[in-house]
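# Geometric and topological summary
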Amino acid sequence: MTQLSADVSSGSTSPENDYTIHSAADVSRLVNNSTHGRTNARIIVAIALGGVFLDAYDLGALAFGVKDITRQFGLSPSGIGMVVSAITLGAIVGAVIGGYLTDKIGRYRVFMADMFFFVFAALLGALAPNAEVLGISRFIMGLGIGIDLPVAMAFLAEFSRLKGRGNKASSIAMWCPTWYAAISVSYLLVLGLFYSLPASQSEYLWRYIVGFGAVPALVILTVRKRYMTESPVWAAQQGDLTSAASILQTAYNIPATVGKDAVLHAKKGLQRRTTGWKSYGVLLQGDYLKRTVLNSVMSFVSPFAYAAIAFGLPIIISTLFKQSMLTTILVSLALNLLFAFTGGLAAVRLVPKLGSRSMTIAGYTCQLVALLGLALAGRPEDTAQAVACCAFLALFLLGQGFGPGAHTMVYASLSYPASIRGVGVGFNQTITRFSSTLALFLFPILTASLDTGLFWVIALSPVIGLLALFIIRWEPSGYDVDAEDYASVKHENTQPGGGA
């Protein structure tokens, strides 16, 4: 079926190549259809991905230190589960707060403030004298991560054009290879410290890895202060068309000017939505209900499967091969770079042509095959079986990269217009973090009780994801969801394949 696009009527009779702004809808139109050079916009998109980098780095930072932390602090399986899941518990709280603040006070203010959480938490965690302080530091880190993601996704969506290369879906999908690049950096750092630290310091390797997280956080904070600006779409919706025009000029090189009637029409056509904390309720109304249900299912099952596999990857590999720490690091690095990272790049490249839905279905299918293979293989008894298990892990990570790993965030960010995008992403991030928390808490327990039988449990995730996509046929890629913010929009709810 062909996609029916929204027809945005701003109240202006200006032709498409007219850069005069009369209303907020004109700002959205100029961003969506921009063909101008947009060097600053690309820089802003890159900066927005910085928080994603730290999110992934800090999640993976403890993966290689679980055994040392357990031994140093005398923790039980449930105790270490609480420590490693504290970061996602903090992110649950942060996502709710961040989503609200992103829509309430603007993208820029939230974006500049949240980086301080990363710096403080990294230093506190590296110096933690006990498990309680380590858990608190991870919780604070999670607050920063939770606050950062909704505003980062808002920036990616609102500084990208609607269609073509580098479109909104492609920019948001870029969060996925960024994530895997950060995981790979953490592995490389572990590898470098593994060789450089004296043997007497090897048990404190995790402290160095956690503390290093403060360095990129400080760099990102400095760069943000230099280049970041408010979202032109958000500024326009607050009635500040002058600032919106200025941002379009600097970020897109668009010669935008404010029309003489702009004061009268600044907020013309904007839908009157519930504001404040009640805006979360809008996600469960009208057409947004089906989208929220689909997004929520994907946001639960995808992170559950990935968190269990990604966090447990070093443990799984060391179990499969029963080799040294060096083998574990190298195999983990190779799998992430060659398959997860490559899959993420494929998602960025192909989503403008294939759409998010078809790529997500393909990714879930790959994951299901991989998890069933791992469950049936069990614990390998020779090198050939171990290699086969590694191939299944590679298939899982490849499917994650070009499928749900990239597009769950696309669904969360592009199912809602700018006025409620922050709370939309915040709500989905809350579910994501809850799922990750559950997976990180259960993984040590399931591993101890089920051994490789835990793959049967994890395999339920892609099955549920596939069922949700076949029942609710919603395609966000290439669809002008921001147009739904304007009362004059003539919007059709039918999407490719039968939309929500």
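For the structure itself, consult the block above.
Model, not experiment: these values are computed from the prediction.

Another aspect to go through is the overall build of the protein chain. Each helix and strand in the protein chain was counted, giving 22 helices and two strands. Split into buried and exposed, the 500 residues of the protein chain put 60% on the buried side. Long-range pairs, those at least 24 residues apart, make up 83% of the contacts in the protein chain between residues at least 6 apart in sequence. Split by element, the accessible area of the protein chain, about 18700 Å² in all, is 66% carbon and sulfur.

Attention shifts here to the packing of aromatic side chains. Inspection of the entire model under this criterion finds eleven aromatic pairs. Ring centres of Trp175 and Trp179 lie 5.6 Å apart, and the angle between their planes is 70 degrees; on these two criteria the pair is classed as edge-to-face. Placement of both Trp175 and Trp179 in helix α9 (residues 175-196) is noted, with a separation of four residues, approximately one turn of the helix. Note on accessibility: Trp175 and Trp179 belong to one class, buried. Seen in terms of ring centroids, Tyr180 and Tyr306 are 5.9 Å apart; in terms of plane orientation they differ by 70 degrees. Their pairing is edge-to-face. Taken as a pair, Tyr180 in helix α9 and Tyr306 in helix α15 (residues 288-321) lie far apart in primary sequence, 126 residues in all. When sorted by exposure, Tyr180 lands in the same class as Tyr306, which is buried. Across the ring face of Phe111, the terminal group of Arg224 is positioned such that the distance to the ring centre comes to 3.6 Å. Sitting over the ring of Trp474, Arg291 keeps its end group 4.1 Å from the ring centre.

If you look at the biggest cluster of nonpolar residues, it comprises 119 residues, and the most contacted ones within it are Met153, Phe159 and Leu248. Tallying contributions element by element places helix α7 (residues 131-158) first for this core, with 13 residues. With sequence-adjacent residues up to four places away left out, Leu248 is seen in contact with Ile21, Val27, Leu30, Val31, Pro232, Asn253, Ile254 and Ala256. Tyr364, Tyr411, Ala468 and Tyr479 belong to the second largest nonpolar core, which has 13 residues in total.

Before going further, it helps to examine the side chain of Glu230. Here Glu230 shows up in the loop between α11 (214-227) and α12 (232-237). In this structure the side chain of Glu230 is engaged in a polar contact, spanning 3.0 Å, whose partner is the backbone nitrogen of Arg107. Looking at Glu230, its side chain comes within polar contact range of the main-chain nitrogen of Tyr108, at 3.3 Å. With sequence-adjacent residues up to four places away left out, Glu230 is seen in contact with Gly106, Arg107, Tyr108, Phe155, Phe159, Ala235 and Ile247.

Between helix α6 (residues 115-126) and helix α10 (residues 205-212), the shortest axis-to-axis distance is 7 Å and the interhelical angle comes to 165 degrees. With respect to α10, the element α6 is oriented roughly antiparallel. Where α6 crosses over α10, the handedness of that crossing is left-handed. Residue-level contacts link Ala122, Gly125 and Ala126 of α6 to Trp206, Arg207, Val210 and Gly211 of α10.

Conventions adopted
Residues numbered from 1 in each chain as written. Predicted model: local features only at pLDDT ≥ 70, side-chain atom pairs only at ≥ 80, totals over all residues. Heavy atoms only, no water. Helix = DSSP H or I, 4+ residues; strand = E, 2+ residues; numbered from the N terminus. Buried < 20%, exposed > 50% of the residue type's maximum accessible area, 1.4 Å probe, protein only. Contact = heavy atoms within 4.5 Å. Areas by Shrake-Rupley, 256 points an atom, 1.4 Å probe, with all protein chains shown as cover. Phe/Tyr/Trp six-rings, centres within 6.5 Å; stacked < 30°, edge-to-face > 60°. Lys NZ or Arg CZ within 6 Å of the ring centre and 35° of its normal. Core = buried A, V, L, I, M, F, W, Y, C linked by side-chain atoms within 4.5 Å. Polar contact = N/O pair within 3.5 Å; in protein donor to acceptor, adjacent residues only side chain to side chain. Axes fitted to C-alpha atoms, helices over the stretch in contact; angles between N-to-C directions. Parallel < 35°, antiparallel > 145°, perpendicular 65-115°, else oblique. Left-handed = near helix turned anticlockwise from the far one by under 90°.

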